[in-house]
Amino acid sequence: QVHLVESGGGLVQAGGSLRLSCAASGSVISINSMGWYRQAPGKQRELVAVITSGGTTNYADSVKGRFTISRDNANNEGYLQMNSLKPEDTAVYYCNADVTRQWFSGSARNNYWGQGTQVTVSS
């Protein structure tokens, strides 16, 4: 089994910064793509940023130029650096990963979610 654990959320004033981390543990062979999503109260979960195994990144228009996604393949970790935060960035942030894992004598590929971490930006 594979587990994703996010950390780094919290309360910050508008204009401030936070860095989220996502650590994958368990029977991980490799992480293919890793993404960050967020869900604000009363809204649907939305993609914030994604990074492929090769390092290609993609961002939601609302965070371009402010957020940076990165990853540490050796340690199966991912990060979301969030700068110039706005009140509208307030949400629960979720890590998502497409993972190739050990499965019996072979491997399997599954998608996993973390439990989420709250980010609150005050005005």
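Everything that follows concerns the structure shown earlier in this document.
Quantities reported herein were computed from a predicted structural model and do not represent experimental measurements. (Residues numbered from 1 in each chain as written. Predicted model: local features only at pLDDT ≥ 70, side-chain atom pairs only at ≥ 80, totals over all residues. Heavy atoms only, no water.)

### Focus on the overall build of the protein chain
Test applied: Numbering of helices and strands runs from the N terminus, with a helix taken as a DSSP run of H or I at least four residues long and a strand as a DSSP run of E at least two residues long. Based on C-alpha atoms, the radius of gyration is set beside the globule rule, defined as 2.2 Å times the residue count to the power 0.38. Here, two residues are considered to be in contact whenever any of their heavy atoms come within 4.5 Å of each other. We get accessible surface area from the Shrake-Rupley algorithm with a probe of 1.4 Å; when it comes to residues, only the shown protein chains can shield them. We treat Lys and Arg as the positive residues and Asp and Glu as the negative residues; His and chain ends play no part in the count. To locate a charge, take NZ of a lysine, CZ of an arginine, CG of an aspartate or CD of a glutamate.
Looking only at helices and strands, one finds zero helices and eleven strands in the protein chain. Reading the protein chain from its N end, one meets helices and strands in the order β-β-β-β-β-β-β-β-β-β-β. Compactness check: the protein chain gives a C-alpha radius of gyration of 15 Å against a globular reference of 14 Å for 123 residues, within 12% of the reference. With the C-alpha coordinates aligned to their principal axes, the bounding extent of the protein chain is approximately 55 × 25 × 25 Å. For the protein chain, the share of sequence-separated contacts (at least 6 apart) that also reach a separation of at least 24 residues comes to 57%. Split by element, the accessible area of the protein chain, about 6400 Å² in all, is 47% carbon and sulfur. Side chains of the protein chain carry 10 positive and 8 negative charges; the gap between the two charge centres is 2 Å.

### Things to note about the nonpolar core
Looking at soluble globular proteins, one finds that nonpolar side chains tend to be buried together. Condition: Residues enter a nonpolar core if they are buried and are Ala, Val, Leu, Ile, Met, Phe, Trp, Tyr or Cys, with the set joined through side-chain atoms within 4.5 Å. Only protein chains enter the area calculation, which uses a 1.4 Å probe; residues under 20% of their type maximum are buried, those over 50% are exposed, and those in between are partly exposed.
In this structure, Trp 36, Val 48, Phe 67, Leu 80, Met 82 and Tyr 93 are the most contacted members of the largest nonpolar core, which totals 30 residues. Elements supplying a minimum of two residues to this core: strand S1 (2–7), strand S3 (18–26), strand S4 (28–39), strand S5 (46–51), strand S7 (67–72), strand S8 (77–82), strand S9 (91–103) and strand S11 (117–122). No other element matches S9, which puts five residues into this core. Residue contacts for Val 48: discarding those within four places in its chain leaves Trp 36, Tyr 37, Arg 38, Asn 58, Tyr 59, Ala 60, Val 63, Phe 67, Leu 80 and Tyr 93.

### Quick word on the state of the cysteines
The test is simple: Cysteine sulfur atoms that pair up within 2.5 Å are treated as a disulfide.
In this structure the tally under the stated criterion is one disulfide. Between the sulfur atoms of Cys 22 and its disulfide mate Cys 95 the distance is 2.0 Å. Every disulfide takes its handedness from the sign of the S-S torsion; for Cys 22 and Cys 95 that torsion is -80 degrees, giving left-handed. Residue Cys 22 is found in strand S3, and its partner Cys 95 is found in strand S9; the two are separated by 73 residues along the sequence. Cys 95 carries the same exposure label as Cys 22, and that label is buried.

### Some thoughts on the pattern of salt bridges
This is how it is decided: The rule for a salt bridge is simple: a side-chain nitrogen of Lys or Arg has to be within 4 Å of a carboxyl oxygen of Asp or Glu.
Scanning the model with the defined rule gives five salt bridges in all. Note that Arg 38 and Glu 46 form a salt bridge whose closest N and O atoms lie 2.7 Å from each other. On the basis of relative accessible area, Arg 38 is assigned to the buried category, the value being 7%. Under the relative-accessibility criterion, Glu 46 is labelled partly exposed at 36%. Connected through shared salt-bridge partners, Arg 38, Glu 46, Arg 66 and Asp 89 make up one network.

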